[in-house]
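Listed below are the residues making up each chain.
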Amino acid sequence: ALFRLVHPDFVDMSYASSAPLVMHAQRADQDSFYDIVTETAERTSEGCENAVRSALEEANMLIRKASSVEEAARSVNVCADSVPEYIADVNMLGDDVMMAIGFTFADYDMDAYPPGEDLQLYKACRLFQDEEDEVGSLDKVSNFFQLLKETGSEEEFPGLNDRDDCFDLSVFLPDGK
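Residues numbered from 1 in each chain as written. Predicted model: local features only at pLDDT ≥ 70, side-chain atom pairs only at ≥ 80, totals over all residues. Heavy atoms only, no water.

S.K.: Which parts of the structure should I look at to understand the overall build of the chain?
M.R.: Along the backbone of the chain there are eight helices and zero strands. Each helix and strand of the chain, placed in order from N terminus to C terminus, yields the pattern α-α-α-α-α-α-α-α. Within the chain, the fraction of its 177 residues that count as buried is 38%. Within the chain, counting contacts between residues at least 6 apart in sequence, those at least 24 apart form 56% of the total. (Helix = DSSP H or I, 4+ residues; strand = E, 2+ residues; numbered from the N terminus. Buried < 20%, exposed > 50% of the residue type's maximum accessible area, 1.4 Å probe, protein only. Contact = heavy atoms within 4.5 Å.)

S.K.: How should empty space enclosed by the protein be read in this particular structure?
M.R.: A water-sized probe rolled over the atoms picks out the places where empty space is left. The tally for this structure, following the rule as stated, stands at one cavity of 30 Å³ or more. Computed from the structure, the largest cavity encloses a volume of approximately 30 Å³. Lining the largest cavity, in full, are Asn77, Ser142, Phe145, Gln146, Lys149, Cys166 and Phe167. (1 Å grid on protein atoms, 1.4 Å probe; cavity = no way out; pocket = protein on both sides within 12 Å on 5 of 7 lines; lining within 4 Å. Points joined across faces, edges and corners; volume = space filled by probe spheres on them.)

S.K.: How should I be thinking about the confidence of the model for the chain in this particular structure?
M.R.: Detailed reading of the predicted model is not advised wherever pLDDT is low. Taken residue by residue, the chain gives an average pLDDT of 83. The fraction at 70 or more is 82%. Within the chain, the element-level pLDDT minimum falls on helix 2 (residues 21-24), averaging 56, and the maximum on helix 5 (residues 69-75), averaging 96. (pLDDT = per-residue confidence, 0-100.)

S.K.: Where do I start with the packing of aromatic side chains in this structure?
M.R.: Centre-to-centre distance and the angle between the planes together describe a pair of aromatic rings. Inspection of every chain in the model, using the stated rule, returns seven aromatic pairs. Consider the rings of phenylalanine 105 and phenylalanine 128, whose centres lie 6.1 Å apart with planes at 45 degrees: the pair is tilted. One end of the pair, phenylalanine 105, is in helix 6 (residues 90-110); the other, phenylalanine 128, is in helix 7 (residues 120-129), with 23 residues separating them in the sequence. Grouping residues by exposure puts phenylalanine 105 and phenylalanine 128 together as buried. An aromatic cluster is present here, built from Phe105, Tyr108, Phe128, Phe144, Phe145, Phe167 and Phe172 joined pairwise through their rings. (Phe/Tyr/Trp six-rings, centres within 6.5 Å; stacked < 30°, edge-to-face > 60°.)

S.K.: Can you walk me through the state of the cysteines in this structure?
M.R.: The tally for this structure, following the rule as stated, stands at two disulfides. Covalently, cysteine 48 is tied to cysteine 125 through a disulfide, its sulfur atoms 2.1 Å apart. Its S-S torsion of about -80 degrees marks the bond between cysteine 48 and cysteine 125 as left-handed, since a negative value means left-handed. Of this pair, cysteine 48 sits in helix 4 (residues 48-65) while cysteine 125 sits in helix 7, and the two are 77 residues apart along the sequence. Like cysteine 125, cysteine 48 is buried. In this model, cysteine 79 is linked to cysteine 166 through a disulfide, with the two sulfur atoms separated by 1.9 Å. (Disulfide = S-S within 2.5 Å.)

S.K.: How should helix 7 be read in this particular structure?
M.R.: Buried within helix 7 are the following residues: Leu121, Tyr122, Ala124, Cys125, Phe128 and Gln129. Mapping the buried residues of helix 7 onto a view down its axis gives an arc of 165 degrees, with all of them on the same face. (Arc of directions from axis to C-beta.)

S.K.: Mind showing me how you'd approach the layout of surface pockets here?
M.R.: Reported here for the largest pocket is a volume of approximately 670 Å³. If you go around the largest pocket, you meet 18 residues; those closest to its centre are Tyr34, Thr38, Leu56, Met98 and Gly102. Broken down by secondary-structure element, the contributors of at least two residues to the lining of the largest pocket are helix 3 (32-44), helix 4 and helix 6. Considering only residue class, the lining of the largest pocket consists of eleven nonpolar, two polar and five charged. (Nonpolar A, V, L, I, M, F, W, Y, C, P; charged D, E, K, R; others polar.)

S.K.: Help me out: how do you make sense of the packing of helix 6 against helix 7 in this one?
M.R.: A packed helix pair is summarised by two numbers, namely the angle formed by the two axes and the spacing between the axes. Contact geometry for helix 6 and helix 7: axes closest at 8 Å, N-to-C directions at 140 degrees. As summarised for this structure, helix 6 and helix 7 are arranged oblique, according to the angle between their axes. In this structure, helix 6 uses Phe105, Tyr108 and Asp109 to contact helix 7, whose residues at the interface are Gln120, Leu121, Ala124, Cys125 and Phe128. Its residues assigned to classes, the contact of helix 6 with helix 7 comprises six nonpolar, one polar and one charged. (Axes fitted to C-alpha atoms, helices over the stretch in contact; angles between N-to-C directions. Parallel < 35°, antiparallel > 145°, perpendicular 65-115°, else oblique.)

Right, here's the structure in full:
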């Protein structure tokens, strides 16, 4: 499919299949797909891998230190009332916030061709690489969710822009009912 995109004058039609099928058969390392996403992010913006990893490790640690799920949600500008009922503690919230970010990076990876500064992947990397303003890791997560609100589509994430004051985490998670 990519060859057709690059050489439309030579290829009339193409077929593409989901490459990570061996993951579902448990024949590949469960992180192998995200390793590719990480490599793409690093090629898109040098230093992205370490910046994202260190910020998310610190943010996850801080989320887990919060005194309540509501406090933890507010710390990354997630609408506290959008957190599904099944998230009973800050550890589970931390896991789900990290999962939402990982899924979004994977989605941005799918659109990372041709390379350029206009890509969502590049913009997301740069948010985490922001060192000039001494932005903390929780603020970087909050800024990431804001970028998603600004660039995401209602078609892909129904309800994404229903709230102006905070990020509605339920666009990623089931309601738990």
